[in-house]
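Commentary on secondary and tertiary structure
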Amino acid sequence: MVNKSAKKSRRSPVGVAVPCGEHVRFVRGAGRYTDDLFGPETLHMALLRSPYGHATLTGIDLSKSLAHPGVLDAAAHRDLAGRVGDLPMLWVIPGMRCGSFPVLAREKVRYAG
């Protein structure tokens, strides 16, 4: 039930159309995203995500990826060791125990997708 006697604040954007000219080109399919920007030496990167929610890594074979035409490099966690550190927890609730997270999975996979 709506209270019709309640006054709307003139300063509140809630319930009021806010004019914005930028979204029109995206609705029409003419917007440009960062994925649309590339140059003659642009490289693309792909990550293989685990199909399992919890699994133990027993080995990673990159030979097929490296042999594929156009692939310049492929890397697993062992290739980044000593070059790329773990990611820190960006927000912490007081009293919460937390650690850091590896950029690429090490011994275990703990997320699917």
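The rules behind these values
Residues numbered from 1 in each chain as written. Predicted model: local features only at pLDDT ≥ 70, side-chain atom pairs only at ≥ 80, totals over all residues. Heavy atoms only, no water. Helix = DSSP H or I, 4+ residues; strand = E, 2+ residues; numbered from the N terminus. Patch = residues over 30% accessible without salt bridge, like charges linked within 9 Å, V, L, I, M, F, W, Y side chains within 5 Å. Areas by Shrake-Rupley, 256 points an atom, 1.4 Å probe, with all protein chains shown as cover. Salt bridge = Lys/Arg side-chain N within 4 Å of Asp/Glu carboxyl O. Buried < 20%, exposed > 50% of the residue type's maximum accessible area, 1.4 Å probe, protein only. 1 Å grid on protein atoms, 1.4 Å probe; cavity = no way out; pocket = protein on both sides within 12 Å on 5 of 7 lines; lining within 4 Å. Points joined across faces, edges and corners; volume = space filled by probe spheres on them. Nonpolar A, V, L, I, M, F, W, Y, C, P; charged D, E, K, R; others polar. Polar contact = N/O pair within 3.5 Å; in protein donor to acceptor, adjacent residues only side chain to side chain. Contact = heavy atoms within 4.5 Å. pLDDT = per-residue confidence, 0-100.

Our focus in this paragraph is the environment of Tyr52. Within the fold, Tyr52 resides in the loop between helix H1 (23-27) and strand S1 (55-56). Remark: the alpha-carbon pair of Tyr52 and Ala112, spanning 60 residues in sequence, is separated by 4.9 Å.

The grouping of Val84, Leu87, Phe101 and Val103 at the surface amounts to a nonpolar patch, some 340 Å² of accessible area in total. Topologically, Phe101 is positioned in the loop between helix H3 (77-80) and strand S2 (108-109). Here Phe101 falls in the partly exposed class, since its relative accessible area comes to 44%.

As a further point, take the layout of surface pockets. If you add up the space inside the largest pocket, you get close to 1,700 Å³. Every residue lining the largest pocket is counted, 41 residues in all, and those nearest its centre are Leu47, Leu48, Ala75, Leu104 and Ala105. Taken together, the elements giving at least two residues each to the lining of the largest pocket come down to H3 and S2. Sorting elements by how many residues they give to the lining of the largest pocket places H3 first, with 3 residues. Classifying every residue of the lining of the largest pocket by side-chain character gives 25 nonpolar, 7 polar and 9 charged.

Once that is clear, we can look at empty space enclosed by the protein. The gaps of empty space that remain are located by a probe, the size of a water molecule, rolled over the atoms. The full count for this structure, using the stated rule, is 1 cavity of 30 Å³ or more. In this structure, the largest cavity spans a volume of roughly 30 Å³. Of the residues assigned to the lining of the largest cavity, the class counts are 3 nonpolar, 2 polar and 2 charged.

Here we take up the pattern of salt bridges. One pass over the structure, following the stated rule, counts 1 salt bridge. Put simply, Arg106 and Asp86 hold a salt bridge, and the shortest N to O gap is 2.4 Å. With Arg106 in the loop between H3 and S2 and Asp86 in the loop between H3 and S2, this pair connects stretches of sequence that are 20 residues apart.

It is worth spelling out the side chain of Ser50 at this point. By the secondary structure assignment, Ser50 is in the loop between H1 and S1. Polar side-chain contacts of Ser50 include one of 2.9 Å to the backbone nitrogen of Tyr52.

Looking at the element boundaries, Tyr111 is found in the segment after S2. Sequence spacing of Tyr111 and Cys98 is 13 residues, and the spatial spacing of their C-alpha atoms is 17 Å. In contact with Tyr111, not counting residues within four places along its chain, are Arg49, Ser50, Tyr52 and Gly53.

Looking at the protein, pLDDT values average 84 and 90% of them are 70 or higher. For the protein, per-element mean pLDDT is lowest for H1, which scores 85, and highest for helix H2 (residues 63-67), which scores 95.

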